[in-house]
Amino acid sequence: MIIVRGQGATAAELPIGSAAAKTYFGDVPAFLRKIESVDGIRPLARPGTYLLTHHPMGGFGYEVVMAACLEATWQGDHMRLAPLDFDREKVVSPHPVVKGFIEGELRLAEPRPDATAAEFGFSVTVEVPVPGVLRLVPSALLQSTADGIMGYRAGLVVRCLFEKVLADFRLAPR
């Protein structure tokens, strides 16, 4: 098993006031569904908590589904995403399930009454079993390659997510 990490961040200015922006981002499931790799979001019993499942990913005939539980809490104009532990055996999938832990934050600031500056960033950590022939690859090479791919992927996820946010407001990506 290796622990793979990646992070991504972006910022944009939206043509709405902070109250409207907080309402827009306050629908956490709708916001997270904008991430193309997310397959499903299920609210959990505790308010503000969700189980995210992703589309299968992998290569060389080995695919896994990443699942992550998180809690979204607001404090003023700041939303925090905190990872929650869970039993991956309870996640139903035709593919092996790997545990992901997502931590992030969205910060909103109002530079003008008709605009909101939004900064979003997150980090993801995934526990991945090392399948078959990959066990023969030197562990340092495997770790650095996996972290590099996850870092690239997390950055891409954030950019694509905010391109969709900007499209909702009919703004061109920077």
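What counts as what
- Residues numbered from 1 in each chain as written.
- Predicted model: local features only at pLDDT ≥ 70, side-chain atom pairs only at ≥ 80, totals over all residues.
- Heavy atoms only, no water.
- Helix = DSSP H or I, 4+ residues; strand = E, 2+ residues; numbered from the N terminus.
- Rg over C-alpha atoms; globule rule 2.2 N^0.38 Å.
- Buried < 20%, exposed > 50% of the residue type's maximum accessible area, 1.4 Å probe, protein only.
- pLDDT = per-residue confidence, 0-100.
- Contact = heavy atoms within 4.5 Å.

## Here we look at the overall build of the chain
1) Next: In terms of regular secondary structure, the chain is built from 3 helices and 8 strands.
2) Next: Taken from N to C terminus, the helices and strands of the chain fall in the order β-α-α-β-β-β-β-β-β-β-α.
3) Next: Over its C-alpha atoms the chain spans a radius of gyration of 17 Å, differing by no more than 12% from the 16 Å that the globule rule assigns to 174 residues.
4) Next: Across its three principal axes, the chain shows a C-alpha extent of roughly 60 × 35 × 25 Å.
5) Next: Counting the 174 residues in the chain, one finds 40% classified as buried.

## What about the confidence of the model for the chain?
1) Next: For the chain, mean pLDDT is 90; residues scoring 70 or higher make up 97% of the total.
2) Next: Confidence scores differ between elements of the chain, with strand β4 (residues 57-59) showing the lowest mean pLDDT of 77 and strand β6 (residues 78-84) the highest of 96.

## So, the environment of Asp147
1) Next: Assignment of secondary structure puts Asp147 in helix α3 (residues 139-168).
2) Next: Considered as a pair, Asp147 and Gly6 are 141 residues apart in the sequence and their alpha carbons are 6.2 Å apart.
3) Next: Those residues in contact with Asp147, other than ones at most four positions away along the chain, are Ile3, Val4 and Arg5.

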